[in-house]
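A look at the structure
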Amino acid sequence: MVQAEHPLPTDLFMDLERSGPVPMYFQVANRLEKAIIDETLPAGSRLENEVALAMRLGLSRPTIRRAIQELVDKGLLVRRRGVGTQVVHGRVTRNVELTSLYEDLESSGQRPETTVLDSAVVPADERAATILDIEPGSPTLHVRRLRLADGVPIAILENTLPTDFTDLDTADLRTHGLYQLLRARGVTMRVAKQRIGAREATASEADLLDIRRGSAVLTMSRTAFDNSGRAVEFGQHCYRPDLYSFEVTLVNR
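Residues numbered from 1 in each chain as written. Predicted model: local features only at pLDDT ≥ 70, side-chain atom pairs only at ≥ 80, totals over all residues. Heavy atoms only, no water.

Structural notes on the side chain of Ser 215
Rule in force here: Secondary structure follows DSSP: runs of H or I at least 4 residues long count as helices, runs of E at least 2 residues long count as strands, and numbering of each begins at the N terminus. Each polar contact in these results corresponds to two N or O atoms within 3.5 Å; when the atoms are within protein, one needs to be able to donate a hydrogen and the other to accept it, and residues that are neighboring in sequence are counted only if both atoms are side-chain atoms. Residues are treated as being in contact if the distance between any of their heavy atoms lies within 4.5 Å.
Tracing the sequence through the fold places Ser 215 in the loop between helix H8 (203-209) and strand E8 (216-226). A distance of 2.7 Å separates a polar side-chain atom of Ser 215 from the backbone oxygen of Arg 212. Sequence-distant contacts of Ser 215, defined by excluding residues within four places in its chain, comprise Arg 199, Glu 200 and Ala 201.

A short note on the pattern of salt bridges
What counts here: What makes a salt bridge here is a side-chain nitrogen of Lys or Arg within 4 Å of a carboxyl oxygen of Asp or Glu, nothing more. Burial status follows relative accessibility: with a 1.4 Å probe on protein chains alone, a residue under 20% of its type maximum counts as buried, one over 50% as exposed, and anything between as partly exposed.
For the structure shown, the criterion picks out eleven salt bridges. The salt bridge partner of Asp 226 is Arg 230, with a shortest N-O separation of 3.5 Å. Arg 240 is the salt-bridge partner of Asp 242, the closest N and O atoms lying 2.7 Å from each other. In this structure Asp 242 comes out as buried when scored by relative accessible area, which is 18%. One continuous salt-bridge network, built from bridges that share partners, spans Glu 50, Arg 61, Arg 65 and Arg 79.

Let's talk about the nonpolar core
Definition in use: The term nonpolar core refers to a set of buried residues drawn from Ala, Val, Leu, Ile, Met, Phe, Trp, Tyr and Cys, joined through side-chain atoms within 4.5 Å.
Counting residues in hydrophobic clusters, the biggest one holds 24 residues, and the most contacted among them are Val 28, Ile 64 and Leu 77. Of all the elements in the fold, those that place two or more residues in this core are helix H1 (24-37), helix H2 (50-57) and helix H3 (61-73). Here this core takes seven residues from H1, the largest share from any one element. Core analysis: the next-biggest nonpolar cluster, separate from the first, contains 15 residues, Leu 141, Leu 178, Leu 181 and Leu 182 among them.

A few points about the packing of H1 against H3
Just so we agree on the cut-off: Note on geometry: axes are lines fitted to C-alpha atoms, helical ones only across the stretch in contact, with angles between N-to-C directions running from 0 to 180 degrees. Throughout this description, any angle smaller than 35 degrees is read as roughly parallel, any larger than 145 degrees as roughly antiparallel, any in the 65 to 115 degree range as roughly perpendicular, and the remainder as oblique. If you view the pair so one helix is near and one far, a crossing is left-handed when the near helix is turned anticlockwise from the far one by less than a right angle, and right-handed when it is turned clockwise. Ten residue types, Ala, Val, Leu, Ile, Met, Phe, Trp, Tyr, Cys and Pro, are classed as nonpolar, four, Asp, Glu, Lys and Arg, as charged, and the remainder, Gly among them, as polar.
At a minimum axis distance of 8 Å, the contact between H1 and H3 shows a crossing angle of 45 degrees. If you check the angle between H1 and H3, you find them oblique. Crossing of H1 against H3: the hand is right-handed. Seen from H1, the contacting residues are Met 24, Tyr 25, Val 28, Ala 29, Leu 32, Glu 33 and Ile 36; seen from H3, they are Thr 63, Ile 64, Arg 66, Ala 67, Glu 70 and Leu 71. Partitioned by chemical class, the residues of the contact of H1 with H3 number nine nonpolar, one polar and three charged.

Side note on the packing of H2 against H3
Contact geometry of H2 with H3 gives a least axis separation of 9 Å together with a crossing angle of 115 degrees. Of the two elements, H2 crosses H3, and the hand of that crossing is right-handed. Contacts between H2 and H3 involve Glu 50, Val 51, Leu 53, Ala 54 and Leu 57 from the former and Arg 61, Ile 64, Arg 65 and Ile 68 from the latter. Looking at side-chain class alone, the contact of H2 with H3 contains six nonpolar, no polar and three charged residues.

Considerations on the sheet that holds strand E7 (residues 189-200)
For clarity, the threshold we go by: Strand pairing is defined by DSSP finding a minimum of two bridges between the two strands.
Spatial strand order, E4-E5-E6-E9-E8-E7: six strands in an open sheet with antiparallel pairing. The two strands at the open ends of the sheet, each matched to only one other strand, are strand E4 (112-123) and E7. Across the sheet, the mean angle separating the axes of adjacent strands is 15 degrees when strand polarity is ignored. Alignment of E7 against E8, held across eleven bridges, turns out to be antiparallel.

Considerations on the pairing of strand E2 (residues 84-87)
Bridge count for strand E1 (residues 77-80) against E2 is four bridges, and the pairing is antiparallel. Residue pairing for E2: Val 78 is matched across the bridge by Gln 86. Connecting the antiparallel pair E1 and E2 is a turn made up of three residues, with Gly 82 showing a positive phi of about 80 degrees.

What about the packing of aromatic side chains?
Worth spelling out the cut-off: Two rings from Phe, Tyr or Trp (for Trp, the six-membered ring) form a pair when their centres are within 6.5 Å of each other. A pair whose planes differ by under 30 degrees is stacked, one over 60 is edge-to-face, and the rest are tilted. Remark: a charge is flagged as sitting over a ring if the NZ atom of Lys or the CZ atom of Arg is within 6 Å of the ring centre and within 35 degrees of the ring normal.
Applying the stated criterion across every chain, the model contains one aromatic pair. Look at Tyr 25 and Phe 26: their rings are 6.5 Å apart centre to centre, the planes differ by 85 degrees, and that puts the pair in the edge-to-face class. For Phe 26, a relative accessible area of 36% puts it in the partly exposed group. Here Arg 66 stacks its cationic end above the ring of Tyr 25, 3.8 Å away from the centre of that ring.

Set out below in structure tokens:
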């Protein structure tokens, strides 16, 4: 359900310096950012539209638009077609570890949701068979999901799993992370091979992620192995870069 527009506190912009050296858009952005951080504007709340806010503050619409864009770029606000401008928790910074996005969102205090776009048992093609070390034509489970954080789309996750897991329930995939389901079956993920990149979103991806067509997306491909060295899943995912990033710690040896 779309939340109603959240009224901004009347005193939030009381001390704007209209003749000072600090640009007005910067002042407005700073006050909005503070209201988001201290939860005066809680996650999920929807701002009034740019025209109404500009009129109320006696500022130009381009000034308001630029202020909002500053916070969109920081991952604090998100523009959604048909909804407007909403407050989000902020960009998810993911350590490059053997965890799932579902778990990362939960640990950061956000509410993960999943839409299962496709779930089907399909014969392994040559690539899947090579990666999973199975015979070509073996049954595999192919799953494609849209992951949301606090109602905002953040990633498209596409996974292929070997025959042992073709009976994973679609309902469970909606309410749990994939790694949670594998661990519940006694699988211990021990190591993964992973590659991170970037590319332009396809038209379908842009629509699902609610971004402009041709926008960039972060990509990750990963093959996870259990403690016996067997490949248990192969994933190809894409993420919104305004709401998601990877973090790596480098150590000098």
